[in-house]
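Here is what each chain is made of, one letter per residue.
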Amino acid sequence: MLPVPSEFPLVSVIIPCFNHGKYLAEAIECIRNQTYVHTEIIVVDDGSTDTTKEVAAKFSNVMYVYQENQGLSAARNTGIKHSNGDFLVFLDADDLLYNYTIEYNLQYLQKNPEAAFVSGASDITTIDKTKLDEKKEDVTSDHYLNLLRSNYIGMHGTVMYRQYVFNEFTYDTSLKACEDYDIYLRIARKYPVIHHTRKLAMYRMHNYNMSANSSLMLETALQVLRKQESSLTSSLERRAYREGIKGYKTYYGMLLFLQLKTGDIKPSKEAVALLKNNNLKFYLRYKFADIIVKNFKTSLKKIIPSFGLRSLHKLGFYNRFRPSTGRVEAGDFYRTTPFSTSFGYDRGGPLTGTILKISCRLKLAVFTEKCWRSVIMNILCALVKKMCKPAKFCT
């Protein structure tokens, strides 16, 4: 028989925090401002080196628990051990709940005593609360099947659990991400759960979101889903599982491709191999684009004549332009790389030989100029002599 909570049960809100002290005060305030007041706030400091401890200390009604850095799953498990509530909510320190969230979810669970947890929708915003998107999916039945297909819940802060669930389940500390998706699947596999489309929270995007790491998310989402494979008992479950595997490979494969293409992440061997093993189409697109980039400048050199390459160089679009020997013009030296990396042997010889050649050319030019001067002087002298001859008169 399931435990029956009191009329006004205590709700424990666990806030794991690792170096997110600058967001923590807002997270705590959003719980203090809830319409349902029977709450306790537990901040689990996962080895932070910033102001997390000082921020938590400013609030008299906050339980502060410190642990050496062990990761998000371990921090949540620590929070569970220190909690006293009949219901539990987990809020990341950089996210926010709307002021009605706890009361709304609590009413759902009180009306559905068989449900192990309830989940809702969320807004996706910037850190300053500007709305970017929303996570809102209408799932009213077959929750385990739908979770096999995708994580329709999305944001963990929208979930309220009954406390007894954690007598049987804990967060998997071996997972670097998707630990919430893992526990949804394990609980929904055994117990009824419910979902609604009321938006309950803000998932705030910034540069340090774990979900922005598409390589990590692809790897761990597949890892979590594959843990369910041995438990599948029907053709419907196996079909939903295959759809889920395909969906994650497509979605996170596309994001990984875009991040590799734009340079948002380094093209490590591991990331490229992950893309190759899970989404061959995007891998081939990435490699094809890579080949095009590597050969683009070589192709330009073959297709566009020298004067065109010089123009592109002056405009800053082609930095590898090398004028042919003896064809250097003004502006060609506007560069930070040498014309030759072979000491000049590929351009008529080393610098000493080039100087010698220039010297010989100058001497030839001086000699030529002297010759022309001599010829011109001789012509002028002949003209002057002719003009100076005495005139002949008629008699």
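Let us look at the structure shown here. All values reported here derive from a predicted model rather than from experimental measurement.

This part covers unusual backbone geometry. Most peptide bonds adopt trans geometry, and most residues besides glycine take a negative phi value. One non-glycine residue, Asn19, lies in positive phi territory at about 55°. With respect to the helices and strands, the residue Asn19 is situated in the loop between β1 (11–17) and α1 (21–32). Located in the positive-phi region is Cys178, a residue other than glycine, with phi close to 60°. Tracing the backbone shows Cys178 in the loop between β8 (160–162) and α6 (179–190).

Let's shift gears to α1. The end-to-end C-alpha distance of α1, which contains twelve residues, comes to 17 Å, matching closely the 16 Å that a straight helix rising 1.5 Å per residue would cover. Here α1 has its buried residues at Gly21, Tyr23, Leu24, Ala27, Ile28, Cys30 and Ile31. Along α1, the residues classed as buried sweep out an arc of 155° about the axis, all on the same side. Elements in contact with the buried residues of α1: β1, β2 (39–46), α2 (52–57), β3 (62–67), β5 (96–97) and β9 (194–205).

Our focus in this paragraph is the pattern of salt bridges. Tallied over the entire structure, the rule returns 16 salt bridges. Measuring nitrogen to oxygen at the nearest pair gives 2.5 Å for the salt bridge that ties Glu168 to Lys190. Here Glu168 is found in the loop between β8 and α6, whereas its partner Lys190 is found in helix α6, with 22 residues between them in sequence. Assessed through its relative accessible area of 51%, Lys190 is described here as exposed. Notably, a salt bridge pairs Glu237 with Arg189, separated by 2.6 Å at the nearest N-O pair. Placement of the pair is Glu237 in helix α8 (residues 235–262) and Arg189 in helix α6, with a sequence separation of 48 residues. Using a relative accessible area of 28% as the deciding quantity, one classes Arg189 as partly exposed. Via salt bridges that share partners, Asp123, Lys131, Glu134 and Lys199 belong to a single interconnected network.

Moving on to the side chain of Asn77. Turning to its location among the elements, Asn77 is positioned in helix α3 (residues 72–82). Of the polar contacts made by the side chain of Asn77, one reaches the backbone nitrogen of Tyr171; its length is 3.0 Å. Beyond its immediate stretch of four places on either side in the chain, Asn77 contacts Thr170, Tyr171 and Thr173.

Right, let's get into a nonpolar patch on the surface. Side chains of Tyr251, Met254 and Leu258 sit close together on the surface and give an oily, nonpolar patch of about 260 Å² of accessible area. Relative to the assigned elements, Tyr251 resides in helix α8. Under the relative-accessibility criterion, Tyr251 is labelled partly exposed at 45%.

Attention now goes to the packing of aromatic side chains. Note on aromatic pairs: each is described by the distance of the centres and the angle between the planes. Across all of its chains, the model carries 15 aromatic pairs by this definition. Ring plane angle 65° and centroid distance 5.1 Å describe the contact between Tyr161 and Phe166, whose orientation is recorded as edge-to-face. Given the relative accessible area of 0%, Tyr161 is considered buried. Residue class for Phe166 comes out buried when judged on its relative accessible area of 7%. Above the face of the Tyr171 ring, Arg76 is positioned so that its terminal group lies 5.4 Å from the ring centre. Over the ring of Tyr100 we find Arg198; its NZ or CZ atom is 4.0 Å from the centre of that ring.

What counts, and at which threshold
Residues numbered from 1 in each chain as written. Predicted model: local features only at pLDDT ≥ 70, side-chain atom pairs only at ≥ 80, totals over all residues. Heavy atoms only, no water. Helix = DSSP H or I, 4+ residues; strand = E, 2+ residues; numbered from the N terminus. Expected span 1.5 Å × (residues − 1). Buried < 20%, exposed > 50% of the residue type's maximum accessible area, 1.4 Å probe, protein only. Arc of directions from axis to C-beta. Contact = heavy atoms within 4.5 Å. Salt bridge = Lys/Arg side-chain N within 4 Å of Asp/Glu carboxyl O. Polar contact = N/O pair within 3.5 Å; in protein donor to acceptor, adjacent residues only side chain to side chain. Patch = residues over 30% accessible without salt bridge, like charges linked within 9 Å, V, L, I, M, F, W, Y side chains within 5 Å. Areas by Shrake-Rupley, 256 points an atom, 1.4 Å probe, with all protein chains shown as cover. Phe/Tyr/Trp six-rings, centres within 6.5 Å; stacked < 30°, edge-to-face > 60°. Lys NZ or Arg CZ within 6 Å of the ring centre and 35° of its normal.

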